[in-house]
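Fold and contact review
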Amino acid sequence: MPKVIPPTVETDDEYFWDGVQNDQLLIQTCADCGRFRHPPVPMCGDCHSTAWTATPSQGTGTVHSWIVSRHPTEPDADPRVVILVELDDGIRFVSNLVDVELVDVHNEMRVELCFRVIDDVKLPQFRPAPSPSRQTPSVQG
Ligand SMILES: [Zn+2]
């Protein structure tokens, strides 16, 4: 049995999956008022415009909430960390957190976008973001 069921691509989310193929997390953006929205919908909830474009996400954010998902009938299967990411772009996105030990997962942790191919399906995932580098402040003047 495959681990991932391939997405059923519809007219409203075709841009999203095209973006994934190009290593981009695209956010539906109102062409009239500029509001970001996710998941994709046909009309802006703010200004009721049906015109939209797609904006690449910055790919960074913080973990708003998370759970550990264990397979119901395969107890030896690796658990998955399912996260709700508060993207720095201003939307929330459900994904998986990879490359992390379970004991290190916590709310507010900084994460960054990555892409993984699982059972021939390319998916946007997140991994812990590297700590900000500590640079010696430069002295000017
Ligand atoms: Zn709008």
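Residues numbered from 1 in each chain as written. Predicted model: local features only at pLDDT ≥ 70, side-chain atom pairs only at ≥ 80, totals over all residues.

What follows covers the overall build of the chain. The number of helices and strands found in the chain is one helix and eight strands. Scanning the chain from its N terminus toward the C terminus, one meets helices and strands in the order α-β-β-β-β-β-β-β-β. Based on the C-alpha atoms only, the size of the chain along its principal axes is roughly 60 × 50 × 25 Å. Here the chain holds 141 residues, and the buried ones make up 15% of them. Long-range contacts, defined here as pairs at least 24 residues apart, represent 49% of the contacts in the chain between residues at least 6 apart. (Helix = DSSP H or I, 4+ residues; strand = E, 2+ residues; numbered from the N terminus. Buried ≥ 20, exposed ≤ 12 C-beta atoms within 10 Å, placed from the backbone. Contact = placed C-beta atoms within 7 Å.)

A separate point is the UniProt feature "domain: ChsH2 C-terminal OB-fold" (unreviewed entry) in the chain. UniProt's feature table lists "domain: ChsH2 C-terminal OB-fold" (unreviewed entry) at residues 56-116, given in the numbering used throughout. Its end C-alpha atoms 18 Å apart, residues 56-116 is made of 0% helix and 52% strand. (UniProt positions renumbered as here; feature names shortened; annotations may be inferred.)

What the domain assignment lists for the chain is domain 1 (10-56) and domain 2 (58-129). If you average the C-alpha positions of domain 1 and of domain 2, the two centres end up 22 Å apart. Elements supplying a minimum of two residues to the side of domain 1 that touches domain 2: helix H1 (14-21) and strand S2 (36-37). Tallied by class, residues from the side of domain 1 that touches domain 2 come to four nonpolar, two polar and two charged. (Domains from an automatic or database assignment. Nonpolar A, V, L, I, M, F, W, Y, C, P; charged D, E, K, R; others polar.)

Spatially, S2-S1-S3 is the arrangement adopted by the three strands of the open sheet, whose pairing is antiparallel. Edge positions in the sheet fall to S2 and strand S3 (52-56), since each of these pairs with one other strand and no more. Direction of pairing for strand S1 (residues 26-30) relative to S2: antiparallel, over a ladder of two bridges. Bridging across to S2, Thr29 finds its partner in Phe36. (Pairing = 2+ DSSP bridges.)

Glancing now at the environment of Glu101. By the element assignment, Glu101 lies in the loop between strand S6 (92-97) and strand S7 (110-118). Along the backbone, Glu101 and Val81 are 20 residues apart, and their C-alpha atoms lie at a distance of 9.7 Å.

Within the largest apolar cluster, 14 residues are counted, with the highest numbers of intra-cluster contacts made by Leu26, Val63, Ile83, Val85, Leu97, Val111 and Phe126. Those elements that provide at least two residues to this core are S1, strand S5 (80-87), S6 and S7. Discounting chain neighbours no more than four positions away, the residues touching Leu97 are Trp66, Val81, Ile83, Val105, Val111, Phe126 and Arg127. (Core = buried A, V, L, I, M, F, W, Y, C linked by C-beta atoms within 7 Å.)

Below, the discussion takes up unusual backbone geometry. The peptide bond linking His38 to Pro39 adopts the cis configuration, its omega dihedral lying at 0°. Positive phi outside glycine occurs at Asp99, with the angle close to 60°. In this structure, Asp99 sits in the loop between S6 and S7. We classify Asp99 as exposed; it has 10 C-beta atoms within 10 Å. Even without being glycine, Glu108 reaches a positive phi, approximately 75°.

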